[in-house]
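Analysis of the macromolecular model
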Amino acid sequence: MAKFVQSAVPVVGVAAFLAVACNTAPQPGGTSTTVTIETVTATAAPSATATVSAPASAAHSATIKVPDVSGMNHQDAQDAMQAAGLYNLREVDSSGKKRMMIIDRSWCQTGQDPKPGTVVSADTVVTLFADKC
């Protein structure tokens, strides 16, 4: 049976702190301090794992009707797409200026691809076109 270290992160963090703290300030009288750091790494014994996977046809068989997000602010449009089950979203500045949409509520939808009402699979890329409101 393998022994496990509870967490290697605090050991490494404390060791790094001590190395910096002890080696940056000279000691009074010209003496120096040497710190030896030992890193402990836990490894688990190999174990058997079971992999469960759904049939490939089941993952692609779900179809979704694309919602109409015309005129919505960009955040609400994203929320509507995700509520419908579409998560593979791409956003484009419809002005052509290639601006990033940082505050989604400040952008208004000007178009989408695929068109509203189109029936698509859940993994379809949906492009949302928006411009500053």
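Residues numbered from 1 in each chain as written. Predicted model: local features only at pLDDT ≥ 70, side-chain atom pairs only at ≥ 80, totals over all residues. Heavy atoms only, no water.

This paragraph deals with the side chain of His 74. The topology assignment puts His 74 in helix α3 (residues 74–84). A polar contact of 2.6 Å, which involves the side chain of His 74, links it to the side chain of Gln 109. (Helix = DSSP H or I, 4+ residues; strand = E, 2+ residues; numbered from the N terminus. Polar contact = N/O pair within 3.5 Å; in protein donor to acceptor, adjacent residues only side chain to side chain.)

Applying the stated criterion across every chain, the model contains 1 disulfide. What pairs with Cys 108 in a disulfide is Cys 133, and their sulfur atoms sit 1.8 Å apart. Here the S-S torsion is close to 120°, and the disulfide linking Cys 108 with Cys 133 is therefore right-handed. Linking Cys 108 in strand β3 (residues 107–113) with Cys 133 in the segment after β5 (126–132), this pair joins segments that are 25 residues apart in sequence. Judged by its relative accessible area of 59%, Cys 133 is exposed. (Disulfide = S-S within 2.5 Å. Buried < 20%, exposed > 50% of the residue type's maximum accessible area, 1.4 Å probe, protein only.)

This paragraph deals with the confidence of the model for the protein chain. Averaged over every residue, the pLDDT of the protein chain is 75; the share at 70 or more is 54%. Below a pLDDT of 50 lies the segment residues 4–25, which in the model reaches 13 contacts outside its immediate sequence neighbourhood of four places, other chains included. Ignoring residues within four places in sequence, the model shows residues 47–59, a span with pLDDT below 50, making 0 contacts including any to other chains. (pLDDT = per-residue confidence, 0-100. Contact = heavy atoms within 4.5 Å.)

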